[in-house]
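# Architecture and fold: a report
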Number of protein chains: 2
Amino acid sequence: MVRSVFEKSDAIALVAEVFRELGYEGASMSEITARTKLSKGSLYHFFPGGKEQMAAEVMANIDAWFVTEMFRPLEEEEPRAAIARMWETTDSYFRSGHRVCLIGAFALDETRDRFSTAIRGYFHHWIEALCGALLRGGVPGAEAKMLAEEAVIGIQGALTLARALEDETVFGRTLARLKHRLETALG
Amino acid sequence: MVRSVFEKSDAIALVAEVFRELGYEGASMSEITARTKLSKGSLYHFFPGGKEQMAAEVMANIDAWFVTEMFRPLEEEEPRAAIARMWETTDSYFRSGHRVCLIGAFALDETRDRFSTAIRGYFHHWIEALCGALLRGGVPGAEAKMLAEEAVIGIQGALTLARALEDETVFGRTLARLKHRLETALG
DNA sequence: GATCTTCTAAACTGATCGGTCTATTAACGA
DNA sequence: TCGTTAATAGACCGATCAGTTTAGAAGATC
């Protein structure tokens, strides 16, 4: 089955990192080929739809990763344990704030309009999964919804501030604060 | 003194809106001329340094606005009143979450490296001004620092989420939550 | 090893990029 | 009214853009 060293999934991961670093508009084909070391031939072989398809598949790939690593555990496993693992997963995925949220970044400019369904789905799913875990953990409905929203907002804001201030500590500090707040609510 | 209908300050405001909507890389000169109705001749007359100068002057202009409308009041006026006004100013400036924070958006991709001093300065000043007001309001040092950081993080995160979810209510709800938290700390 | 498919390399295309230049118009001070 | 300067319009420039094409290398299947 494996026909070469590079599979499409590898190409997706490499391209994702370029979009993360440069944004959708900033990621020109020449930057993508330079940073991934993949030729245009390879890229257009995997993604005949060009840049837009690349971004769409990158986002689908990120979404799928979060579903298996975070959303499904939140929905199916013991709430306290799943939420505890969510903080670890978040910290390691975003590399303690060094890595940006590609989907959050796409949401800010008119790039959003191209991918609004995927962007909305990702954040909606995250909040719903976390809210559900809080509810199963005994947190009342209105508070669970509020806390889940606050957590996702805090993560996104902390990513922005970490890069803006070039501060290595603010992301971890924010995760700790949010974690404590959710644990308090869970009793 | 006034030599024409359009002054440079008008051009800055128009160009700012284009950067806000499209991001730095997404704001091509043709988009800027189309959306501002300013010809290349006018733009390069005001900004001989091109796109980079436009962005730099836009950021300086935003920073100056926040200094007079928010940071200086926080530093000089009665803390509780200044903080109360901060929430109003924030809500109206970001148009209840419909408008993005240009400086926060620039922080996310490699655009940050061009403007890192201005970006860092803006957020640092905001947090410091708010922290100072909380301190003068009687909040203990460590808590004031934490709350100020939390407020700015919450604002940035809420802007991201408001656009991502296309939700009209999340920004106002977040401001109310943060406002309540700071007022509780102020006693 | 022959053959067939997948994948890669890079030359090439027309369109658009950021930026320059020249000609012209508008607003001012005298 | 005249001369000077600020401001505008848009043709134009080389470079780079996203995307296409063609030819060949690398694997897989037999």
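Along each chain, residue indices are assigned from 1 in the same order as the chain's sequence is written. Numbering of ligands from 1 and lettering of chains from A proceed in the order in which they are written. Predicted model: local features are reported for residues with pLDDT of at least 70 only, side-chain atom pairs are reported and counted for 80 or more only, and whole-chain, interface and lining totals are derived from all residues. Hydrogens and water are ignored here; the side-chain numbers use all heavy atoms of the structure.

### Observations regarding the packing of helix α8 (residues 116-136) of chain B against helix α9 (residues 141-165) of chain B
Residue and element names in this part refer to chain B. Our working rule: A fitted line through C-alpha atoms represents every axis, and for helices the fit uses only the stretch in contact; the resulting angles, taken between N-to-C directions, go from 0 to 180 degrees. A run of H or I in DSSP becomes a helix once it reaches four residues, and a run of E becomes a strand once it reaches two; helices and strands are each numbered from the N terminus. Roughly parallel means an angle under 35 degrees; roughly antiparallel means over 145; roughly perpendicular covers 65 to 115; every other angle is labelled oblique. Crossing handedness: left-handed means the near helix sits turned counterclockwise from the far one by under a right angle, and right-handed means the same turn made clockwise. We call two residues in contact when some of their heavy atoms are within 4.5 Å. The nonpolar class holds Ala, Val, Leu, Ile, Met, Phe, Trp, Tyr, Cys and Pro. Asp, Glu, Lys and Arg form the charged class, and all remaining residues, Gly among them, are polar.
Two elements in contact, α8 and α9, have axes separated by 8 Å at closest approach and are oriented at 135 degrees. It follows that α8 is oblique to α9 by the angle criterion. The element α8 and its partner α9 pack so that their crossing is right-handed. Residues Phe123, Trp126, Ile127, Leu130, Cys131, Leu134 and Leu135 of α8 touch α9, and the partners they reach there are Gly141, Ala144, Lys145, Leu147, Ala148, Glu149, Ala151, Val152, Ile155 and Gln156. Split by residue class, the contact of α8 with α9 holds 13 nonpolar, 2 polar and 2 charged.

### Notes on the UniProt feature "domain: Transcriptional regulator LmrA/YxaF-like C-terminal" (unreviewed entry) in chain A
For the record, the criterion: UniProt positions are given in the numbering used here, feature names are shortened, and annotations may be inferred rather than shown by experiment.
Under the local residue numbering, the UniProt record ascribes the feature "domain: Transcriptional regulator LmrA/YxaF-like C-terminal" (unreviewed entry) to residues 81-171 of chain A. Along residues 81-171 of chain A the backbone is 79% helical and 0% strand, and the end-to-end C-alpha distance reaches 21 Å.

### Section: empty space enclosed by the protein
Defined as follows: Site definitions follow a grid-based scheme: protein atoms alone, a 1 Å grid, a 1.4 Å probe that fits but cannot get out for cavities, and for pockets an open set with protein on both sides within 12 Å along at least five of seven lines, plus lining residues having an atom within 4 Å of a point. Grid points are joined across faces, edges and corners, and a volume is the space filled by probe spheres set on the points.
Inspection of the entire model under this criterion finds 4 cavities of 30 Å³ or more. Each pocket or cavity is described by its volume, and for the largest cavity that value is around 250 Å³. Class assignment for the residues of the lining of the largest cavity results in 15 nonpolar, 6 polar and 6 charged. In this structure, the second largest cavity occupies an estimated 50 Å³ of space. Taken together, Leu108(A), Thr160(A), Val100(B), Cys101(B), Gly104(B), Ala105(B), Gln156(B), Leu159(B) and Thr160(B) form the lining of the second largest cavity. Taken together, the elements giving at least two residues each to the lining of the second largest cavity come down to α6 (102-108) and α9 of chain B. Considering every element that reaches the lining of the second largest cavity, the biggest residue donor is α9(B), with 3 residues.

### Here's the deal with helix α4 (residues 50-76) of chain B
The following threshold applies: Every helix has an expected span of 1.5 Å times one less than the residues it contains. Bend angle per residue: angle between axes fitted to the 7 residues ending at that residue and the 7 residues starting there.
With 27 residues, α4(B) extends 37 Å from end C-alpha to end C-alpha; this agrees with the ideal 39 Å at 1.5 Å per step. Within α4(B), the axis deviates most sharply at Val67(B), by approximately 50 degrees.

### Overview of the relation of the copies chain B and chain A
What counts, and what does not: Overlaid copies result from least-squares superposition on C-alpha atoms, with residues included only where pLDDT is at least 70 in both.
Of the two same-sequence chains, chain B is brought onto chain A (RMSD 0.0 Å, axial shift 0.0 Å) by a rotation of 180 degrees. Taken together, the rotation and translation relating the two chain copies correspond to the operation of a two-fold axis. Taking C-alpha positions as the reference, the residue of chain B nearest the rotation axis is Gly157(B), at 1.8 Å. A high fraction, 100%, of the interface residues of chain B reappear at the interface in chain A, so the copies pair face to face through one surface.

### Brief notes about the interface of chain B and chain A
Counted only if it meets this: Once two parts are put together, the accessible area they lose, assessed with a 1.4 Å probe and summed over both, is termed the buried area. Salt bridges are identified by distance alone: a Lys or Arg side-chain nitrogen within 4 Å of an Asp or Glu carboxyl oxygen. Counting of polar contacts relies on pairs of N or O atoms within 3.5 Å, with two restrictions inside protein: one atom must be capable of donating a hydrogen and the other of accepting it, and residues adjacent in sequence are counted only when both atoms are side-chain atoms.
In this assembly, 41 residues from chain B lie in contact with 41 residues from chain A. Around 3800 Å² of area is buried between chain B and chain A when both sides are counted, 60% of it from carbon and sulfur atoms. The largest contributions to the chain B side of the interface with chain A come from Leu108(B), Ile153(B) and Arg163(B), which together make up 19% of the buried area. Linking chain B with chain A are 10 salt bridges. Across the pair Glu149(B) and Arg173(A) runs a salt bridge whose closest N-O atoms are separated by 2.6 Å. At the junction of chain B and chain A, the tally comes to 19 residue pairs in polar contact (both at pLDDT 80 or more). Taken together, the elements giving at least two residues each to the side of chain B that touches chain A come down to α1 (8-26), α6, α8, α9 and α10 (170-186) of chain B.

### Considering the nonpolar core
Heads up, the condition is: The set of buried Ala, Val, Leu, Ile, Met, Phe, Trp, Tyr and Cys residues whose side-chain atoms join them within 4.5 Å is what this entry labels a nonpolar core. Only protein chains enter the area calculation, which uses a 1.4 Å probe; residues under 20% of their type maximum are buried, those over 50% are exposed, and those in between are partly exposed.
Among the nonpolar cores identified, the biggest contains 134 residues, and Phe19(A) and Phe19(B) are the most heavily contacted of them. If near-sequence neighbours (up to four positions away) are discounted, Phe19(A) is found in contact with Tyr24(A), Ala27(A), Ile32(A), Lys51(A), Met54(A), Ala55(A), Val58(A), Leu102(A) and Phe106(A).

### Thoughts on the side chain of Arg20(A)
Residue position: Arg20(A) is located in helix α1 (residues 8-26). A relative accessible area of 7% places Arg20(A) in the buried class. Side-chain polar atoms of Arg20(A) contact the side chain of Tyr93(A), separated by 3.1 Å. Ignoring any residue separated from it by four or fewer positions in sequence, one finds Arg20(A) in contact with Ile62(A), Tyr93(A), Arg99(A), Val100(A), Leu102(A) and Leu108(B).

### Focus on the packing of aromatic side chains
All names here are of chain A. For clarity, the threshold we go by: Aromatic pairs are defined between Phe, Tyr and Trp rings, using the six-membered ring for Trp, whenever the two ring centres lie within 6.5 Å; interplanar angles under 30 degrees are classed as stacked, those over 60 as edge-to-face, and all others as tilted.
Going through the model one piece at a time under the given rule, you end up with 38 aromatic pairs over all chains. Plain terms: the ring middles of tryptophan 65 and tyrosine 93 are 5.0 Å apart, the flat faces sit at 35 degrees to each other, and that makes the pair tilted. Taken together, the residues tryptophan 65 in helix α4 (residues 50-76) and tyrosine 93 in helix α5 (residues 79-93) connect sequence positions 28 residues apart. Tryptophan 65 sits in the partly exposed class, given a relative accessible area of 33%.

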